[in-house]
Amino acid sequence: MRSPLLSLPGAVAAEGADEGVAAHYGDLFREQRRLASGSGFVDLSHRGVVTVTGEDRLTWLHLLLTQHVSELPPQQAVEALVLSPHGHVEHALYLVDDGTTTWAHVEPGTQGALVAYLESMVFFHRVKVADATAEYAVAHLPAGSTASAEGAAAVRETPWGRDLFVPRADLAGLARGWGEPAGVWAYEALRIEARRPRLGFETDHRTIPHEVDWLRTAVHLQKGCYRGQETVARVHNLGRPPRRLVVLHLDGTEEVLPPHGAEVRLAADGPEGRPVGFVTSSARHHELGPVALALVKRNTPVDAVLLAGTVPAGQEVVVPQ
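First, a word on scope: everything that follows refers to the structure included in this document.

Cut-offs and rules
Throughout, residues of each chain are indexed from 1 in the direction in which the sequence is written. Local features in this predicted model are restricted to residues of pLDDT 70 or higher, and side-chain atom pairs are both shown and tallied only at a pLDDT of 80 or more, whereas totals for entire chains, interfaces and linings draw on every residue. Side-chain descriptors were evaluated using all non-hydrogen atoms of the structure, hydrogens and water having been removed beforehand. We call a set of buried Ala, Val, Leu, Ile, Met, Phe, Trp, Tyr and Cys residues a nonpolar core when their side-chain atoms join them within 4.5 Å. Only protein chains enter the calculation, and the probe is 1.4 Å; a residue is then buried if its accessible area is under 20% of its type maximum, exposed if over 50%, and partly exposed in between. Strands are runs of DSSP state E lasting at least two residues, helices are runs of H or I lasting at least four, and both sets are numbered from the N terminus onward. In what follows, a contact means two residues having at least one pair of non-hydrogen atoms within 4.5 Å. Grid spacing is 1 Å over the protein atoms alone, the probe is 1.4 Å, and a cavity is where that probe fits but cannot get out, while a pocket is an open set with protein on both sides within 12 Å along at least five of seven lines and lining residues have an atom within 4 Å of a point. Grid points are joined across faces, edges and corners, and a volume is the space filled by probe spheres set on the points. Throughout, the ten residues Ala, Val, Leu, Ile, Met, Phe, Trp, Tyr, Cys and Pro are labelled nonpolar, Asp, Glu, Lys and Arg are labelled charged, and all others, Gly among them, are labelled polar. When two rings of Phe, Tyr or Trp (its six-membered ring) have centres within 6.5 Å they constitute a pair, described as stacked for plane angles under 30 degrees, edge-to-face for angles over 60, and tilted for the intermediate range. By definition here, charges over rings are those cases where NZ of Lys or CZ of Arg is within 6 Å of the ring centre and within 35 degrees of the ring normal. To define axes, lines are fitted to C-alpha atoms, for helices over the stretch in contact only, and angles between the resulting N-to-C directions are given on a 0 to 180 degree scale. By the definition adopted for this analysis, an angle is roughly parallel if under 35 degrees, roughly antiparallel if over 145, roughly perpendicular if from 65 to 115, and oblique otherwise. Crossings are assigned a handedness: left-handed for a near helix turned anticlockwise from the far helix by less than a right angle, right-handed for a clockwise turn.

1. Describing the nonpolar core
Of all hydrophobic cores here, the largest spans 24 residues; its most connected members are Leu81, Trp214 and Leu245. Going through the elements one at a time, β5 (78-83), β6 (89-97), α5 (184-193), α6 (214-217), β13 (243-250), β15 (277-285) and β16 (289-297) are the ones with two or more residues in this core. If near-sequence neighbours (up to four positions away) are discounted, Leu81 is found in contact with Leu64, Leu65, Thr66, Val89, His91, Ala92, Pro209, Trp214, Ala218 and Val219. Core analysis: the second largest hydrophobic core is formed by 23 residues, Ala80, Val82, Leu95 and Val115 among them.

2. Topic: the layout of surface pockets
Where empty space is left becomes clear once a probe the size of a water molecule has been rolled over the atoms. One number sums up the size of the largest pocket: a volume of about 490 Å³. Among the secondary structure elements, those contributing two or more residues to the lining of the largest pocket are α5 and β15. Ranked by the residues each element gives to the lining of the largest pocket, the list is headed by β15, at five residues. Here the residues of the lining of the largest pocket are counted per class, giving eleven nonpolar, four polar and five charged.

3. So, the packing of aromatic side chains
All chains considered together, the criterion is met by three aromatic pairs. Cation over ring: Arg191 sits above Phe201, and NZ or CZ is 6.0 Å from the ring centre. Sitting over the ring of Trp160, Arg196 keeps its end group 4.0 Å from the ring centre.

4. Considerations on the packing of helix α1 (residues 28-36) against α5
The geometry of α1 relative to α5 is characterised by a closest axis approach of 9 Å and an angle of 60° between their N-to-C directions. As judged from the angle between their axes, α1 and α5 are oblique. When the axes of α1 and α5 are compared, the crossing they make is right-handed. Listed contacts from α5 to Leu28, Glu31, Gln32, Leu35 and Ala36 of α1 are Trp185, Ala186, Tyr187, Ala189 and Leu190. Residues that form the contact of α1 with α5 fall into these classes: eight nonpolar, one polar and one charged.

5. Considering empty space enclosed by the protein
Counted by the stated rule, this structure contains three cavities of 30 Å³ or more. For the largest cavity, the calculated volume is near 170 Å³. Arg47, Glu107, Tyr187, Arg191 and Arg198 are the residues nearest the centre of the largest cavity, which is lined by 15 residues in total. Among the elements that make up the lining of the largest cavity, the one with the highest residue count is α5 (four residues). Classifying every residue of the lining of the largest cavity by side-chain character gives five nonpolar, two polar and eight charged. Reported here for the second largest cavity is a volume of approximately 50 Å³. Taken together, Glu79, Tyr94, His140, Arg156, Thr158, Trp160, Gly161, Asp163, Tyr187 and Arg196 make up the lining of the second largest cavity. Split into classes, the residues belonging to the lining of the second largest cavity amount to three nonpolar, three polar and four charged.

These figures come from the coordinates and say nothing about function on their own.
Now the structure itself:
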């Protein structure tokens, strides 16, 4: 779904998972600094939007998600996951309830599978699940922004800013009141700085929440039964996750960023050494320089210099060893 905001001056279309919105508008670092200072906005209209209505919606979602939502107050933003029976992450939802409807935005292209799963679990509950992506778009106003959210159907207020669910037909008109645009490259650089995992980037088919720090933000350890809970409880109480998320501070002399999936090795072992992990996301940050997130084996020494592809990198702990 191509965003109308790609017609704005300087817009360069993103590729891959973020296809459909702008990667940047001509000045990556200026766009990052603008977001960091609390001005401008990011077009996230390529993300999927799912709604749940009906009087049982919160108690029903509580049975399916990793987060405690049965008594979720209106306007309180939460993150939640859907896990496989073995505890692997299948979906990540960014939720808010407005008192009558639960709104969630999800990774582009994942909303169909999520809706199909949710609908298969309705049974006799009084709920209605809908893929609202065609009708509503997501935009992000950074923390500190004074731009108005008027016209939004729902708003998620988070420490990183406000996610607006707006009628897709009104997106271009509403954007004129939000200030200058910033592309998803700027948004991603700040996400990496904040150590926030993203489904399909920091995850693969084996990922459990503990590995990428979602245990802190998207899992409620005291709530009742949900699919995959046994794995969550077992790893939390009896063991440690097999992998852990780290921030990589990349050698700034290299011109090319290591892409998603680039193998990570111990620098002492050289480029032919055995991989200890892989790069999940990388970006050029306006203050930190080239940075990345990576998943590495739990026993990788925290003080070891690594090679991300061929790029030397120091590491910063996100999930402890």
